[in-house]
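Here are the chains, one letter per residue:
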Amino acid sequence: MTRGRFITFEGGEGTGKSTQARLLASYLAQSGFDVVQTREPGGSPSAEDIRALLVTGAADRWSPIAETLLFYAARVEHWRQVIEPAIARGAHVVCDRFADSTMAYQAYAGGLDRRLVEDLHRLTMTGVEPDLTLVLDIDVEKGLLRAAARRDDETRFERKGRSFHDKLRQGFLDIAGRAPARCVVIDADQPIERVHAAVLAAVKSHLSVG
Ligand code: TMP
């Protein structure tokens, strides 16, 4: 059985990742592929429990290291219960955020040592990497305005200060620049259909999928 592909969406707040992940998953399903759409933090029952601890409450509720360990506890369960079995049976997995988010939020923006996050990833996840990562990029101010227009209570990271979000954006761009074979940066300040077209172009050219 050929293994499926693992495609992740990354980016700061209000980039439209979730919409684009949904559009890509629908496109692949309509093209006849077995597709699993999922998200982090969360994606499996135990990881969704951990998500609630992470995305609500005071912005300084967790220290960077405690937060990182919680993200990885959720990730290990999500990988073991959902992502790996799906890929093994040949399904393509479309995931809204993965390990690059920990590197960008907890290390680049949160101040944790990048080496520590790399080591943790290697030790807990045997270094798995997505086949393709779509990094959606938008001006910080515009992204935060878009995120604020969403009416939900998952605002813990949105409420971190402007300099956190500036470092976050630069972090994602740096991560993408260091892994050009895996990452494609997409301008998210465009109509949804234009962003979707750019996503499909990247998926087709990188993965011979679709
Ligand atoms: P979401 O809004 O994309 O669902 O993600 C929830 C929040 O969690 C978002 O503000 C980004 C943050 N996050 C991290 O800080 N580190 C991580 O590893 C992940 C997966 C998400």
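You'll find the structure just up there.
Because the structure is a prediction, the values reported are computed rather than measured.

Draft legend 1. How the structure looks around the site of the ligand. The environment of the ligand is made up of 14 residues, and the closest members are E13, R51, R97, T102 and Q106. Separating an oxygen atom of the ligand from a side-chain N or O atom of K17 is a distance of 3.1 Å. Here a nitrogen atom of the ligand sits 2.9 Å away from a polar atom, N or O, in the side chain of Q106. When the ligand sits alone it has 470 Å² of accessible area, and the protein chains cover 94% of it. Of the residues forming the shell around the ligand, the biggest block, four residues, is contributed by helix α4 (residues 99-109). Broken down by class, the residue content of the shell around the ligand amounts to five nonpolar, three polar and six charged.

Draft legend 2. A look at the side chain of T102. With respect to the helices and strands, T102 occurs in helix α4. Aside from chain neighbours lying at most four places away, what touches T102 is T68, F71, Y72, R75, A107 and V117.

Draft legend 3. Geometry of the sheet that holds strand β5 (residues 183-187). On the basis of which strands lie adjacent, the open sheet formed by five strands has the order β2-β3-β1-β4-β5 and parallel pairing. Lying at the two open borders of the sheet, with one neighbouring strand each, are β2 (35-39) and β5. Along the sheet, successive strands turn relative to each other by an average axial angle of 20 degrees, direction set aside. Both strand β1 (residues 6-11) and strand β3 (residues 92-96) contribute to a ladder of four bridges, which runs parallel. Among the inter-strand pairings, F9 is bridged to a residue of β3, identified as D96.

Draft legend 4. Up close: the pattern of salt bridges. Per the stated rule, a full pass over the model turns up 17 salt bridges. Ionic pairing is found between R156 and E67, a salt bridge with its closest N-O pair at 2.5 Å. Remark: E67 occurs in helix α3 (residues 64-88) and R156 occurs in the loop between α6 (140-149) and α7 (162-178); sequence separation between them is 89 residues. Its relative accessible area of 5% is what places E67 among the buried residues. Across the pair R80 and E77 runs a salt bridge, and its minimum N-O distance is 2.7 Å. On the criterion of helical spacing, the pair formed by R80 and E77 is a turn pair, its members being three residues apart in helix α3. E77 gets classed as partly exposed once you look at its relative accessible area, which sits at 21%. The network of salt bridges with common partners includes D100, E129 and R182.

Draft legend 5. Summary view of the pairing of β2. Going residue by residue along β2, you find V36 and T38 tucked away on one face and V35, Q37 and R39 left uncovered on the opposite face. As defined by bridge partners, β2 adjoins β3 across five bridges and the pair is classed as parallel. For V36, the partnering residue across the bridge sits in β3 and is V93.

Quick notes on the rules
Every chain's residues receive numbers from 1 upward, in the order its sequence appears when written. Confidence filtering applies because this is a predicted model: local features only for residues at pLDDT of at least 70, side-chain atom pairs given and counted only at 80 or more, and all residues used for totals across whole chains, interfaces and linings. Side-chain numbers here rest on the full set of heavy atoms in the structure, without hydrogens or water. The nearness test applies per residue and asks whether one of its heavy atoms lies within 4 Å of the molecule or strand. Whenever a nitrogen or oxygen atom comes within 3.5 Å of another N or O atom, the pair is scored as a polar contact, on the condition that within protein one atom can donate a hydrogen and the other can accept it, and that pairs from neighbouring residues in sequence are kept only if both atoms are in side chains. For the accessible areas, the method is Shrake-Rupley and the probe is 1.4 Å, while residue cover comes only from the protein chains on display. Secondary structure elements are taken from DSSP: a helix is a run of H or I of four residues or more, a strand is a run of E of two residues or more, and numbering for both begins at the N terminus. Three classes are used: nonpolar for Ala, Val, Leu, Ile, Met, Phe, Trp, Tyr, Cys and Pro, charged for Asp, Glu, Lys and Arg, and polar for all others, with Gly counted as polar. Residues count as neighbours in contact if any of their non-hydrogen atoms are within 4.5 Å of one another. For two strands to be treated as a pair, DSSP must find no fewer than two bridges joining them. A fitted line through C-alpha atoms represents every axis, and for helices the fit uses only the stretch in contact; the resulting angles, taken between N-to-C directions, go from 0 to 180 degrees. Take a side-chain nitrogen of Lys or Arg and a carboxyl oxygen of Asp or Glu: if they are within 4 Å of each other, that pair is a salt bridge. In this scheme, a residue with accessible area under 20% of its type's maximum is buried, one over 50% is exposed, and one in between is partly exposed, where area comes from a 1.4 Å probe on protein chains only.

The values are spatial; any link to function lies outside them.
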